[in-house]
Amino acid sequence: MEQNSQLIYLDNAATTKVNPKVVEAMLPYFTERFGNPSSVYGFAAANKEDITKARESIAKVLGAKTEEIYFTAGGSESDNWALKATAEAYESKGKHIITTKIEHHAILHTCEYLESRGYEVTYLDVDEGGLVKMDELRAAIRPDTILISVMFANNEIGTMEPIAEIGKLAKERGILFHTDAVQAFGHVPINVDEMGIDMLSASGHKLNGPKGIGFLYIRKGVKIRSFVHGGGQERKRRAGTENVPGIIGIGAAAKLCAETMNERSAREKELRDHLIERVMAEIPYVRLNGHREKRLPNNANFSFQFVEGESVLIKLDMAGICASSGSACTSGSLDPSHVLLAIGLPHEIAHGSLRLTLGDDTTMEQIDYVVDTLKKIIADLRSMSPLYEDFVKKGSEVVKAD
């Protein structure tokens, strides 16, 4: 097989390339329009108006009010703010929080912190497709439950949760509902009113926007306090001089995503389904992780028996293909993915996982090259595996015995 001379980037769940139109929109705010939006003179105050326009663009995508969007440094800060500030503001009502075992570590580690401060957290199981079980969620609700936090779509296996159903239940029980929508915002339709969402986290660099910028949607009337103390920025809820270029960037990226969502989603689904069908048909002893239908348009996650995921990644890299074995935030860890363990995979199979996430530049030719390359890599790695050799021997012995 010929070495591919061009980079094939299939790790868009980790980060995305900034759209050239977004870069173009941001550039003036680094040089000509560098003023601090909090200054009173016209040169700088004009930037405040541009920040409002970016806020409007994001609010429009969510069906939210402009004043319900608060800019942060990214998804992790937004998650921390939603959980910690809600816990503090509503502790007189109760100290119980419900989340899931497959959340991003920005949620899970924040929950661990809150547990150390006297809060109780229920971590819900999911089914083998990664979906929250609504009957278990109902059963977990207590009189002192103050918050339910369930991610919109999983960053590793791509499963999309029943958000509208959860939002309806939370509203009926008078409980706040937060969703980490870092992987979903800009990729799938979201309406905060129709889905009963009280708080939502998102990040710019997952939707062809810049890194270091995100936002937290906070429904009007939700009484959570400041997370970063200092000046009066973000309507006195998040101190610090605004990252104007970043805010302009995430606003432009959100607008572009909304305009192209239907077309982009259909194209990504076609590529994703072709990838899944070829891998499942042409590589033996493989499992598709995550729900087959209720998944992000650009996500495919596989587990290959008798191989190590890290070895697959190294060999893919040598062939010019960028992929992941799971979350980018934990890719340096030797432990198997907590998400794959939560959906019931044994350790040895969870270790052989591969996440491929498509982007705007992905082509059908690239997908075919990746599958062809992957077939050879898996076959080569299995040929060196004593476990696979034993498995084949036992299989042939069974056949002879029959």
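Fair warning: this is a prediction, and the values are worked out from it, not measured in the lab.

Draft legend 1. Summary view of the overall build of the chain. Counting its secondary structure elements, the chain contains 13 helices and twelve strands. The C-alpha atoms of the chain give a radius of gyration of 23 Å, which matches the 21 Å a tight globule of 402 residues would have. By its C-alpha atoms, the chain is 80 × 55 × 35 Å across when sized along the principal axes. Put simply, the chain has 402 residues, and 55% of those count as buried. Of the roughly 17900 Å² of accessible surface on the chain, a fraction of 53% belongs to carbon and sulfur atoms. Where the 47 positive side-chain charges of the chain centre and where its 56 negative ones centre are 5 Å apart.

Draft legend 2. Inspection of the sheet that holds strand β4 (residues 120–124) at higher detail. The sheet built from seven strands is open, its strands ordered β2-β8-β7-β6-β5-β3-β4 with mixed pairing. Every other strand in the sheet has two partners, leaving β2 (69–72) and β4 as the edge strands with one partner each. Each neighbouring strand pair of the sheet contributes to a mean axis angle of 20 degrees, computed without reference to strand direction. For strand β5 (residues 145–149) and strand β6 (residues 176–180), the ladder comprises three bridges, and the chain directions are parallel. For Ser-149, the partnering residue across the bridge sits in β6 and is His-178. Along the sheet, helix α2 (residues 42–62) makes contact with β2, β7 (199–203) and β8 (214–218), crossing β2 at roughly 115 degrees.

Draft legend 3. Looking closely at unusual backbone geometry. Residues other than glycine seldom take positive phi values, yet Asn-208 does so here, at roughly 65 degrees. Mapped onto the elements, Asn-208 comes out in the loop between β7 and β8. Here Phe-306, not a glycine, exhibits a phi torsion of approximately 70 degrees, which is positive. Tracing the backbone through its elements, the reader meets Phe-306 in the loop between β10 (299–304) and α9 (309–318).

Draft legend 4. Main features of the sheet that holds strand β9 (residues 286–289). The sheet built from three strands is open, its strands ordered β9-β10-β12 with antiparallel pairing. With one partner strand each, in any of the chains shown, β9 and β12 (353–357) form the two edges of the open sheet. With strand direction ignored, the average angle separating the axes of adjacent strands in the sheet is 25 degrees. Alignment of β9 against β10, held across four bridges, turns out to be antiparallel. Following the sheet pairing, Asn-289 is matched in β10 by Asn-301. Set on the sheet, helix α8 (residues 244–282) makes contact with β9, β10 and β12; between it and β10 the angle comes to about 15 degrees.

Draft legend 5. Molecular detail of the packing of helix α3 (residues 75–89) against helix α4 (residues 105–116). The interhelical angle for the contact between α3 and α4, taken along N-to-C directions, is 30 degrees, at an axis separation of 9 Å. Viewed along their axes, α3 and α4 adopt a mutual orientation that is roughly parallel. As α3 runs across α4, the sense of the crossing is right-handed. Counted together, Ser-76, Asp-79, Asn-80, Leu-83, Lys-84 and Ala-87 of α3 and Ala-106, Ile-107, Thr-110, Cys-111, Tyr-113 and Leu-114 of α4 form the full contact between these two elements. A per-class count over the contact of α3 with α4 returns seven nonpolar, three polar and two charged.

Draft legend 6. Expanded view of the pairing of β10. Counting buried residues along β10, six of its six residues qualify, which places the element largely inside the surrounding structure. What you see with β10 is no split at all: Asn-299, Asn-301 and Ser-303 on one side and Ala-300, Phe-302 and Phe-304 on the other are buried throughout. In this structure, β10 lies alongside β12, joined through five bridges in antiparallel fashion. Within β12, the position partnered with Asn-301 by the bridge is Arg-355.

Draft legend 7. Summary view of the nonpolar core. Of all hydrophobic cores here, the largest spans 64 residues; its most connected members are Leu-62 and Phe-215. Among the elements that take part in this core, α8 stands out by supplying nine residues, more than any other. Phe-215 has contacts with Ile-58, Leu-62, Ile-69, Tyr-70, Phe-71, Thr-72, Ser-78, Phe-185, Leu-200, Ser-201, Ala-202 and Ile-250, leaving out every residue within four places of it along the chain. Residues Leu-10, Val-279, Ala-300 and Leu-381 belong to the second largest nonpolar core, which totals 30 residues.

Draft legend 8. Structural context of the pattern of salt bridges. Taken as a whole and assessed by the stated rule, the structure comprises 23 salt bridges. Across the salt bridge formed by Asp-50 and Arg-33, the nearest N and O atoms sit 2.7 Å from each other. Of the two residues, Asp-50 sits in helix α2 while Arg-33 sits in the loop between α1 (20–26) and α2, which places them 17 residues apart along the sequence. Owing to a relative accessible area of 11%, Asp-50 belongs among the buried residues under this scheme. On the basis of relative accessibility, which here comes to 30%, the residue Arg-33 falls in the partly exposed class. Between Asp-368 and Arg-278 there is a salt bridge, with the nearest N and O atoms lying 2.9 Å from each other.

Draft legend 9. Structural detail: helix α6 (residues 163–173). Considered for burial, the residues of α6 that qualify are Ile-163, Ile-166, Gly-167, Leu-169 and Ala-170. The arc that holds every buried residue of α6, seen down its axis, measures 165 degrees, which confines them to one face. In α6, those exposed residues whose orientation departs by more than 90 degrees from the buried face are Lys-168, Lys-171 and Glu-172. In this structure, the buried residues of α6 make contact with α5 (134–140), β5 and β6. Following α6 by one or two positions, Gly-174 adopts a phi angle in the positive range, close to 70 degrees.

Draft legend 10. Up close: the packing of aromatic side chains. If you walk through the whole model with that rule in mind, you get nine aromatic pairs. Arranged with centres 4.9 Å apart and planes meeting at 40 degrees, the rings of Phe-306 and Phe-391 form a pair that is tilted. Of the two residues, Phe-306 is situated in the loop between β10 and α9 and Phe-391 in helix α13 (residues 386–401); the sequence distance between them amounts to 85 residues. Ring-pair connections join several aromatic residues into one group, and the members of that group are Tyr-285, Phe-306, Tyr-388 and Phe-391. Looking at Lys-84, its charged tip hangs above the ring of Tyr-113, at a distance of 4.7 Å from the centre. The ring of Tyr-70 has Arg-235 sitting right over it, with the charged end atom 4.2 Å from the ring centre.

Conventions and cut-offs
- Residues numbered from 1 in each chain as written.
- Predicted model: local features only at pLDDT ≥ 70, side-chain atom pairs only at ≥ 80, totals over all residues.
- Heavy atoms only, no water.
- Helix = DSSP H or I, 4+ residues; strand = E, 2+ residues; numbered from the N terminus.
- Rg over C-alpha atoms; globule rule 2.2 N^0.38 Å.
- Buried < 20%, exposed > 50% of the residue type's maximum accessible area, 1.4 Å probe, protein only.
- Areas by Shrake-Rupley, 256 points an atom, 1.4 Å probe, with all protein chains shown as cover.
- Lys, Arg positive; Asp, Glu negative; His and termini not counted.
- Charge placed at Lys NZ, Arg CZ, Asp CG, Glu CD.
- Pairing = 2+ DSSP bridges.
- Axes fitted to C-alpha atoms, helices over the stretch in contact; angles between N-to-C directions.
- Contact = heavy atoms within 4.5 Å.
- Parallel < 35°, antiparallel > 145°, perpendicular 65-115°, else oblique.
- Left-handed = near helix turned anticlockwise from the far one by under 90°.
- Nonpolar A, V, L, I, M, F, W, Y, C, P; charged D, E, K, R; others polar.
- Core = buried A, V, L, I, M, F, W, Y, C linked by side-chain atoms within 4.5 Å.
- Salt bridge = Lys/Arg side-chain N within 4 Å of Asp/Glu carboxyl O.
- Arc of directions from axis to C-beta.
- Phe/Tyr/Trp six-rings, centres within 6.5 Å; stacked < 30°, edge-to-face > 60°.
- Lys NZ or Arg CZ within 6 Å of the ring centre and 35° of its normal.

Honestly, that's just the spatial picture; any functional story needs more than this.
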